[in-house]
Amino acid sequence: MSMKIYNTLTKQKEEFVPIEPGKVRMYVCGPTVYNLIHIGNARPMIVFDTVRRYMEHKGLEVNYVSNFTDVDDKIIKKAIEEGVDSSVISERYIAECKKDMAAMNVKPATTHPLATQEIGGMLEMIQTLIDKGHAYAAADGTVYFRTRSFEGYGKLSHKNLDDLQGGNRSLLVSGEDQKEDALDFVLWKPKKDGEPYWEAPWCNGRPGWHIECSVMSKRYLGDEIDIHAGGEDLVFPHHENEIAQSEACNGKTFSRYWMHNAFLNIDNKKMSKSLGNFFTVRDISEKYDLQVLRFFMLSAHYRSPLNFSAELMDAAKNGYERIVTCVDNLKYLMENVTAADMTEAEMALAEESKGYVVKFDEAMDDDFNTADAIAAIFELVKFINTNASANSSKAFLEALKAEVVMLSDICGLIVDKQEDVLDAEIEKLIEERQAAKKEKNFARADEIRDELLAKGIALKDTREGVKIVRL
Ligand code: AMP
Ligand code: ZN
């Protein structure tokens, strides 16, 4: 069966056919780095990492690009509050975000470009848009995209220009009255005192928000890409504007498939920094193994809203542990086996178990239905619990374990927890942390804890001493 993806552009599930056979060019809009990420931001990270893992499992080579927005009003505001350069803020939170990603078993992107490192490309694209008549500089040097000059505007969000025209009037803020049209949006804006800026032909200043993704996508993936993804709040205006910029500049279809995850809610409201109704990934890691968070996110289809609650997290914990226990049990049985090779009856059972792998694949092929895919893993677990015993052969137990680990791994769930000896570097760090704590150098102790977290090792201080947990 072929893979189907729901495309926001066509509002339909479509068969996935990559531009270049065997290869996937995928761009996922990343976070603005001015604070620790919350678990709403973690939803697209986990969901699209799982899409990537499944595609890789199917033998596709995925070039996965995800940016960090490191120049933005909120970053500048925080930098002013702390009296530091805005790069101090963005570098700090990029490092923190990467630690959270590693702890959630989200693979690093092939490339993680930064907006501030791509200004040259932005200046070029803006100039091309001006040259082609799709953009203009106003008297104060602000450059606007001439929205009505791009015929397909509104095709992603399925809005028509006249509705937008009415709705957008109220969006006009002071200084924007120099726009030719209320629908035009900013590509470049003049600097303000105390803000970072770059030299440009129109005015010294900084980019608008949307241009960075068009430029980074072009640079790292080419003019035409397979998949562009992000949370559903990005459909309009961010992705609509990206399409306008890229297609007006390059004269080619920007992205074939547009994927959007629904919100992670709390009390049925979007979890967001601005509403203050959020938990950071770090908060959650204090209470739960982050594998439980990952399981929780995947227990719903990515296009369904998901309400966060302690009850659902506890249910996720039980679900995740059911798989881990199954694997632990297989390992225990394997240590005590007497027969090496499968009997005929076991061969037939091993064949039967492949049916659950097929079910898993069918669910994932159907627009990455992770809820059904996890249900297939549970069916496999039940099958294993019924059929694996102290009398089973090693080969049979190994075959079953390989299946359940493989399916969990596609979901990014670590279910085969290695109780191997810690490597020397990690042991050294743990000792150093103990020494730092003794000397009351808590800053260093915390730093080492974070360093270990990035390596997938969590330390929990308990009354019995330090407990080491592999994430
Ligand atoms: P931001 O830093 O706000 O630009 O968000 C980074 C990514 O997280 C974007 O893809 C957003 O759509 C996504 N996002 C933010 N809040 C939520 C939420 N509550 N649920 C799901 N996705 C979210
Ligand atoms: Zn973007």
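Look up: the structure comes first, before these words.
Residues numbered from 1 in each chain as written. Chains lettered and ligands numbered in written order. Predicted model: local features only at pLDDT ≥ 70, side-chain atom pairs only at ≥ 80, totals over all residues. Heavy atoms only, no water.

### Structural notes on the sheet that holds strand 4 (residues 61-66)
Reading across the sheet, the four strands line up as 4-3-9-10 and stay open at both edges, with parallel pairing between neighbours. Every other strand in the sheet has two partners, leaving strand 4 and strand 10 (255-261) as the edge strands with one partner each. Adjacent strand axes in the sheet meet at a mean angle of 20°, parallel and antiparallel pairs treated alike. In terms of strand pairing, strand 3 (residues 23-28) meets strand 9 (residues 225-231) through three bridges, oriented parallel. Counterpart to Val-28 in the pairing with strand 9 is Ala-229. (Pairing = 2+ DSSP bridges. Helix = DSSP H or I, 4+ residues; strand = E, 2+ residues; numbered from the N terminus. Axes fitted to C-alpha atoms, helices over the stretch in contact; angles between N-to-C directions.)

### Points about the coordination of the zinc ion (ligand 2)
Looking at the zinc ion (ligand 2), the protein donor atoms are Cys-29 (SG), Cys-213 (SG), His-238 (NE2) and Glu-242 (OE), and they sit 2.1 to 2.8 Å from it. One can describe the donor arrangement at the zinc ion (ligand 2) as irregular, given that its four donor atoms subtend angles of 69 to 125° at the metal. Spacing between the donor residues of the zinc ion (ligand 2) along their common chain follows C-x183-C-x24-H-x3-E. You can see Cys-29 sitting in the loop between strand 3 and helix 1 (39-57) and its partner Cys-213 sitting in helix 6 (residues 211-221), a full 184 residues away along the chain. (Donors = N, O, S within 2.8 Å, 3.2 Å for Na, K, Ca; no water. Tetrahedral: all angles 85-135°; square planar, octahedral: opposite > 155°, others 65-115°.)

### Examining the side chain of Thr-142
Of note, Thr-142 is situated in the loop between strand 5 (135-137) and strand 6 (143-145). Given a relative accessible area of 5%, Thr-142 falls into the buried group. A polar atom in the side chain of Thr-142 sits 2.8 Å from the side chain of Asp-140. Residues in contact with Thr-142, not counting those within four places in the same chain, are Tyr-136, Ala-137, Gln-178, Val-186, Trp-188, Lys-189, Pro-190 and Cys-203. (Buried < 20%, exposed > 50% of the residue type's maximum accessible area, 1.4 Å probe, protein only. Polar contact = N/O pair within 3.5 Å; in protein donor to acceptor, adjacent residues only side chain to side chain. Contact = heavy atoms within 4.5 Å.)

### Thoughts on the nonpolar core
In terms of nonpolar packing, the biggest core is built from 92 residues, with Met-55, Met-104, Ile-227, Phe-360 and Phe-368 touching the most fellow members. For this core, the element with the most residues is helix 10 (residues 310-335), which contributes ten residues. Excluding residues within four positions of it along the chain, Ile-227 makes contact with Ile-5, Phe-16, Val-24, Arg-25, Met-26, Tyr-27, Met-55, Ser-255, Tyr-257 and Met-259. The next biggest cluster of nonpolar side chains, apart from the first, holds 39 residues, and it includes Leu-187, Cys-203, Val-215 and Cys-249. (Core = buried A, V, L, I, M, F, W, Y, C linked by side-chain atoms within 4.5 Å.)

### Quick notes on the pattern of salt bridges
Here the idea is simple: oppositely charged side chains can pair when their charged atoms come close. Within the structure shown, the criterion is met by 35 salt bridges. Between Asp-223 and Lys-218 there is a salt bridge whose closest N-O contact spans 3.0 Å. The shortest N-O distance in the salt bridge between Lys-394 and Glu-398 comes to 3.6 Å. Placement of the pair is Lys-394 and Glu-398 together in helix 13 (residues 394-410), with a separation of four residues, close to one helical turn. On the basis of relative accessible area, Lys-394 is assigned to the partly exposed category, the value being 36%. (Salt bridge = Lys/Arg side-chain N within 4 Å of Asp/Glu carboxyl O.)

### Remarks on helix 2 (residues 73-82)
All buried positions along helix 2 are accounted for by Ile-75, Ile-76, Lys-78 and Ala-79. Taken around the axis of helix 2, the buried residues stretch over an arc of 165°, which confines them to a single face. In helix 2, those exposed residues whose orientation departs by more than 90 degrees from the buried face are Lys-77, Ile-80 and Glu-81. The inward-facing, buried residues of helix 2 contact helix 3 (86-103) and strand 8 (205-207). N-cap assignment for helix 2: the residue whose side-chain oxygen lies 2.7 Å from the backbone N of Lys-74 is Asp-72. At the exit of helix 2 stands Gly-83, carrying a positive phi of roughly 70°. (Arc of directions from axis to C-beta.)

### A look at the packing of aromatic side chains
What characterises a pair of aromatic rings is the spacing of the ring centres plus the angle enclosed by the ring planes. Throughout the structure, instances matching the rule amount to eleven aromatic pairs. Ring geometry for Phe-295 and Phe-378: centres 6.0 Å apart, planes at 40°, overall tilted. With a gap of 83 residues between them, Phe-295 in helix 9 (residues 290-298) and Phe-378 in helix 12 (residues 370-387) connect regions that are remote in the sequence. When sorted by exposure, Phe-295 lands in the same class as Phe-378, which is buried. Taken together, Phe-279, Phe-296 and Phe-308 form an aromatic cluster joined through their ring pairs. (Phe/Tyr/Trp six-rings, centres within 6.5 Å; stacked < 30°, edge-to-face > 60°.)

### Observations regarding the site of ligand 1
Taken together, 18 residues surround ligand 1, and among them Thr-32, Gly-231, Asp-233, Leu-264 and Met-271 come closest. When the free accessible area of ligand 1 is taken as 490 Å², the share hidden by the protein chains comes to 88%. For the shell around ligand 1, the secondary-structure elements that each account for two or more residues are helix 1 and strand 9. (Near = heavy atom within 4 Å. Areas by Shrake-Rupley, 256 points an atom, 1.4 Å probe, with all protein chains shown as cover.)

### Some remarks on the environment of Leu-9
The residue Leu-9 is located in the loop between strand 1 (4-7) and strand 2 (12-15) in this model. By relative accessible area, Leu-9 is classed as partly exposed at 22%. On a C-alpha basis, the gap between Leu-9 and Asn-391 in space is 55 Å, while along the polypeptide they are 382 residues apart.

### Regarding the pairing of strand 1
Side chains Ile-5 and Asn-7 of strand 1 all project onto a buried face; the interleaved residues Lys-4 and Tyr-6 project onto a face where none is buried. Of the pairings in the sheet, the one linking strand 1 to strand 2 comprises four bridges and is antiparallel in character. Pairing of Asn-7 across the sheet is with Gln-12, part of strand 2. The loop that links strand 1 with its antiparallel partner strand 2 comprises four residues; one of these, Lys-11, has a positive phi angle of about 55°.

### A few points about the sheet that holds strand 13 (residues 306-307)
Spatial ordering of the open sheet is given by 12-11-13, a layout of three strands whose pairing is mixed. With one partner strand each, in any of the chains shown, strand 12 (269-270) and strand 13 form the two edges of the open sheet. By the bridge criterion, two bridges tie strand 11 (residues 264-266) to strand 13 in an arrangement that is parallel. The partner of Leu-264 across the bridge, within strand 13, is Leu-306.

### Examining the environment of Gly-194
Tracing the backbone through its elements, the reader meets Gly-194 in the loop between strand 7 (185-190) and strand 8. Separated by 66 residues in sequence, Gly-194 and Thr-128 have C-alpha atoms that sit 29 Å apart.

### Here's the deal with the side chain of Lys-273
Counting through the fold element by element, Lys-273 comes out in the loop between strand 12 and helix 8 (281-287). One buried charge, Lys-273, has no salt-bridge partner; the nearest side chain with opposite charge is Asp-100, at 9.1 Å. Residues contacting Lys-273, with those up to four places away along its chain left out, are Tyr-34, Asn-35, Leu-36, Ile-37, His-38, Asn-41 and Phe-278. (Lys, Arg positive; Asp, Glu negative; His and termini not counted.)

Keep in mind these values describe shape, not function.
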